[in-house]
Amino acid sequence: MKLSSGAAEFGQLRDGIHRSVRAGGGRAFVKVRRDMPADFFLAEARGLAALSSASLRVPDVLSVWEHGIALEDLGSGRASARDWENAGLGLAGLHRIAGAHFGFTVRGWCGDSGQDNTPDIDGFRFFAERRLLPQGQRAFDALLLERGDIGRLESLCARLRELLPERPPVLVHGDLWRGNLHACANGELALIDGGAVHYGWGEVDLAMLTLFGEPPAVFFVAYEADAGIDGSWRGRAAPLNLYHLLNHLNLFGASYLDGVRAVLQRYS
């Protein structure tokens, strides 16, 4: 995917979120950030393009340029129980899209944190070396973690094969908190903010959906029935969510430290 001419059309907009911007004959949802690298919005565009191969709705990318992205304006509505059920089925379908390896073709972004997506055939090594350990080192360098914390993180990484089942790489959203399941104007749920998309363990998406407020139970019932699994994944959510807790520690500070240490102490 190449940079398009969006800078000419939207370049006058200030940094920030711009809803319902007039674009051609319609409206666009525009995000502008001049403080981020050129691949920041390209990663989102590539991720949304990958997600569009599944049945869950994603916004069309209208334009992407060095400092911004213009997306289809999905509107805002209220999801019904049926909408949540359909979203659960859609996520199960997404997780049936298999990859040849863990990772992605290019670097991704989880919030404002770059994600190393260098391909690897070993999911445990990928999760340790591309996700957990870089976030831990970053937090240590910023004096947010102590040497003992890093030792426990390394011990947890060495135990991943004991803590988690071996699973093949599938297409995942990668930053799927509930807010990234957006209720469109008609109530249909759409995946948004696709910068962290990669091929990984499907359970990383399920786990994060329990981290900052859960979808209704009907969502998980539909997912589990369609995927042919039970609810045992919930018992494995904490070590998977450690990545996001570490990322939030690095992005937002010490309020996430207790959560990080609770996981490290339990699983190291």
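Worth saying up front: this structure is predicted, and the values here are computed from it rather than measured.

Describe the overall build of the chain, listing the residues and the values that go with them.
The helix and strand inventory of the chain stands at 10 helices and 10 strands. A compact globule built from 268 residues should have a C-alpha radius of gyration of about 18 Å, and the chain, at 19 Å, falls within 12% of that. By principal-axis analysis of the C-alpha atoms, the chain measures approximately 55 × 45 × 35 Å. Taken over 268 residues, the chain has a buried fraction of 50%. Sequence-distant contacts, at least 24 apart, represent 68% of the contacts inside the chain between residues at least 6 apart. For the chain, the accessible surface area stands at approximately 12,100 Å², while carbon and sulfur atoms represent 51% of it. In the chain, 28 side chains carry a positive charge and 32 a negative one; their mean positions are 2 Å apart.

Lay out the pairing of strand S4 (residues 68-72) with the relevant residues and their values.
Note on strand geometry: in a regular strand, side chains alternate between the two faces of the sheet. The element S4 is extensively covered by neighbouring structure, given that four of its five residues are classed as buried. As paired strands, strand S3 (residues 61-65) and S4 are joined by four bridges and run antiparallel to one another. Considered in S4, the bridge of valine 61 is made with leucine 71. What sits between the antiparallel neighbours S3 and S4 is a turn of two residues.

Describe empty space enclosed by the protein, with residues and values.
Where empty space is left can be seen by rolling a probe of water-molecule size over the atoms. Overall, the coordinates contain three cavities of 30 Å³ or more when judged by the stated rule. Reported here for the largest cavity is a volume of approximately 150 Å³. Forming the walls of the largest cavity are 16 residues, and the residues nearest its centre are Phe127, Arg131, His198, Val204 and Tyr243. Looking at the lining of the largest cavity, the elements with two or more residues in it are helix H4 (123-141), strand S10 (198-200), helix H7 (203-208) and helix H9 (237-252).

An account of the environment of arginine 27 is needed here, citing residue identities and associated values.
Tracing the chain through its elements places arginine 27 in strand S2 (residues 26-32). Once the C-alpha coordinates of arginine 27 and leucine 160 are considered, the two residues, 133 residues apart in sequence, prove to be 46 Å apart.

If you had to explain the layout of surface pockets to someone new, which residues and values would you point to?
The computed volume of the largest pocket comes to approximately 930 Å³. Taken together, 37 residues line the largest pocket, and the ones lying closest to its centre are Lys31, Trp177, Asn180, Ile192 and Asp193. The biggest single contributor to the lining of the largest pocket is H9, with four residues. Considering only residue class, the lining of the largest pocket consists of 17 nonpolar, 11 polar and nine charged. Its volume calculated, the second largest pocket comes out at about 290 Å³.

Can you explain the pattern of salt bridges? Please cite residues and give values.
Two side chains carrying opposite charge are able to pair once their charged atoms lie near each other. Here the structure, examined in full by the defined rule, presents 19 salt bridges. Where arginine 159 meets glutamate 162, a salt bridge forms, and the shortest distance between an N and an O atom there is 3.2 Å. Residue arginine 159 is classed as partly exposed on the basis of its relative accessible area, which comes to 26%. For glutamate 162, a relative accessible area of 60% translates into the label exposed.

Any chance you could break down the side chain of asparagine 117 for me, citing the residues and the numbers?
Among the secondary structure elements, asparagine 117 is positioned in the loop between strand S6 (113-115) and H4. A distance of 2.9 Å separates a polar side-chain atom of asparagine 117 from the backbone oxygen of valine 106. Residues in contact with asparagine 117, not counting those within four places in the same chain, are Gly103, Phe104, Val106, Arg107, Gly108, Phe126, Arg131, Val197 and His198.

Would you mind going over the packing of aromatic side chains in detail, with residue names and values included?
Inspection of the entire model under this criterion finds 11 aromatic pairs. Pairing tryptophan 84 with phenylalanine 219 gives two aromatic rings, centres 6.1 Å apart and planes at 85 degrees, and the pair type is edge-to-face. Of this pair, tryptophan 84 sits in helix H3 (residues 81-94) while phenylalanine 219 sits in helix H8 (residues 217-227), and the two are 135 residues apart along the sequence. A single burial state applies to tryptophan 84 and to phenylalanine 219, both of which are buried.

How each quantity is defined
The written sequence of each chain sets the order in which its residues are numbered from 1. Note on the predicted model: pLDDT of at least 70 is required for a residue's local features to be given, and 80 or more for side-chain atom pairs to be given and counted; whole-chain, interface and lining totals, by contrast, use all residues. To obtain the side-chain values, all non-hydrogen atoms of the structure were included, while hydrogens and water were left out. Elements are defined by DSSP. Helices are runs of H or I of four residues or more, strands are runs of E of two residues or more, and each kind is numbered from the N terminus. All radius of gyration figures rest on C-alpha atoms, and the globule criterion is 2.2 Å times the number of residues raised to 0.38. Accessibility here uses a 1.4 Å probe with only protein chains present; expressed as a share of the type maximum, an area under 20% marks a residue as buried, one over 50% as exposed, and anything in between as partly exposed. By definition, residues are in contact when any of their heavy atoms lie within 4.5 Å. The method behind every accessible area is Shrake-Rupley, applied with a 1.4 Å probe, and residues are considered shielded solely by the protein chains displayed. His residues and chain termini do not enter the charge count, which takes Lys and Arg as positive and Asp and Glu as negative. By convention, the point assigned to a charge is CZ for Arg, NZ for Lys, CD for Glu and CG for Asp. Following DSSP output, two strands are said to pair if at least two bridges run between them. Throughout, the protein atoms alone are placed on a 1 Å grid, and a set of points is a cavity if a 1.4 Å probe fits but cannot get out or a pocket if it is open with protein on both sides within 12 Å along at least five of seven lines; lining residues have an atom within 4 Å of a point. Grid points are joined across faces, edges and corners, and a volume is the space filled by probe spheres set on the points. For this classification, the nonpolar set comprises Ala, Val, Leu, Ile, Met, Phe, Trp, Tyr, Cys and Pro, the charged set comprises Asp, Glu, Lys and Arg, and every other residue, Gly included, is treated as polar. Take a side-chain nitrogen of Lys or Arg and a carboxyl oxygen of Asp or Glu: if they are within 4 Å of each other, that pair is a salt bridge. Polar contact is defined as a pair of N or O atoms within 3.5 Å, subject to the rule that within protein one atom must be able to donate a hydrogen and the other to accept it, and that residues adjacent in sequence are counted only when both atoms are side-chain atoms. We call Phe, Tyr and Trp rings a pair once their centres come within 6.5 Å, taking the six-membered ring for Trp, and we label the pair stacked below 30 degrees between planes, edge-to-face above 60, and tilted otherwise.

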